[in-house]
Amino acid sequence: MPENEEETEEIPSDHGNILAAWDIPEFDHHNRSRSWFVVAAIIGIAILVYALVTRNFLFAIIVLLAATILYQQSTVTPKNIGFAITEGGLEVGPDYFALKDIKNFWIHYEPPHGKTLFFTFKSSLRPGLSVPLRDENPVPIRQTLLRYIPEDQERENEPLTHAIGRNLKI
């Protein structure tokens, strides 16, 4: 079987026509300086010492796991995965989110910090989805989405957790 056929078989074909598609990184990659790592290590060690002094061993394990994840994430370059808006939903790499499960969307447009498309799901148990727009023009994407999903016009800023993570480079 040719390589192209294998790649297209991984993406389900019954989600309708593709209305817009582009590649996105599988996670945010931050360029961290040596001083960032020094400050993070000092804070991490202080929190770890506090956890051990208060005999909160579960917290100590969580701190060590977070430090390990941050270090490993900094050594790996994210792969690009496909993102597509279809008539039936959103395809994010191998994952699929049906339109009926999406509550609304909004676009945060603030160059040079970024252009990001945010989705909120109807289920409060499912976290929101953020999709970098990269070089895509947000106007036609917004017009396409408005045909299928309501826009949250009260939101125009990125979520606080997203802004904190971007500013702290975590």
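Within any chain, residue numbers begin from 1 and follow the written order of that chain's sequence. With pLDDT at 70 or above as the cut-off, local features in this predicted model cover only qualifying residues; side-chain atom pairs require 80 or more to be listed or tallied, and sums for whole chains, interfaces and linings still use all residues. Excluding hydrogens and water, the side-chain figures rest on all heavy atoms present in the structure.

Chemist: Looking at this model, I keep getting lost on the sheet that holds strand 1 (residues 18–25). Mind explaining?
Modeler: Pairing between the strands of a sheet comes from backbone hydrogen bonds, and it takes one of two forms, parallel or antiparallel. Should DSSP find at least two bridges between two strands, the strands are regarded as paired. Here a strand is any run of E in DSSP of at least two residues, a helix any run of H or I of at least four, and the numbering for each starts at the N terminus. One open sheet accounts for four strands, arranged 1-2-3-4; its pairing is antiparallel. Each having just a single partner strand, strand 1 and strand 4 (95–98) make up the two edges of the open sheet. The sheet shows a mean angle of 15° between the axes of neighbouring strands, taken without regard to direction. In terms of strand pairing, strand 3 (residues 89–92) meets strand 4 through four bridges, oriented antiparallel. In the sheet register, E91 faces strand 4, and the bridge partner there is Y96. Angles run from 0 to 180 degrees between N-to-C directions of axes, and those axes are lines fitted to C-alpha atoms, restricted for helices to the stretch in contact.

Chemist: When you look at a nonpolar patch on the surface in this model, what are you seeing that I'm missing?
Modeler: A cluster of nonpolar side chains, contributed by V39, I43, I47, Y50, L58, F59 and I62, occupies part of the molecular surface with about 660 Å² of accessible area. Contributions of two or more residues to the nonpolar patch are made by helix 2 (34–53) and helix 3 (57–75). For the nonpolar patch, the leading source of residues is helix 2, giving four residues. Looking at the element boundaries, L58 is found in helix 3. Of the residues examined, L58 reaches a relative accessible area of 59% and is grouped as exposed. Note on patches: the residues involved have over 30% relative accessible area and no salt bridge, like charges join within 9 Å, and the nonpolar side chains Val, Leu, Ile, Met, Phe, Trp and Tyr join within 5 Å. Only the protein chains shown count as cover for residues, and all accessible areas are computed by the Shrake-Rupley method using a 1.4 Å probe. What makes a salt bridge here is a side-chain nitrogen of Lys or Arg within 4 Å of a carboxyl oxygen of Asp or Glu, nothing more. Buried means the residue's accessible area, taken with a 1.4 Å probe over protein chains only, is under 20% of the maximum for its type, while exposed means over 50%, and partly exposed covers the values in between.

Chemist: When you look at the sheet that holds strand 5 (residues 102–110) in this model, what are you seeing that I'm missing?
Modeler: Reading across from one edge, 5-6-7 is the order of the three strands in this open sheet, with antiparallel pairing throughout. Each having just a single partner strand, strand 5 and strand 7 (129–132) make up the two edges of the open sheet. For this sheet the average axis-to-axis angle between neighbouring strands, irrespective of direction, equals 20°. Here helix 4 (residues 138–146) sits on the sheet and contacts strand 5 and strand 6 (114–121); the angle it forms with strand 5, its principal contact strand, is near 170°. Residues count as neighbours in contact if any of their non-hydrogen atoms are within 4.5 Å of one another.

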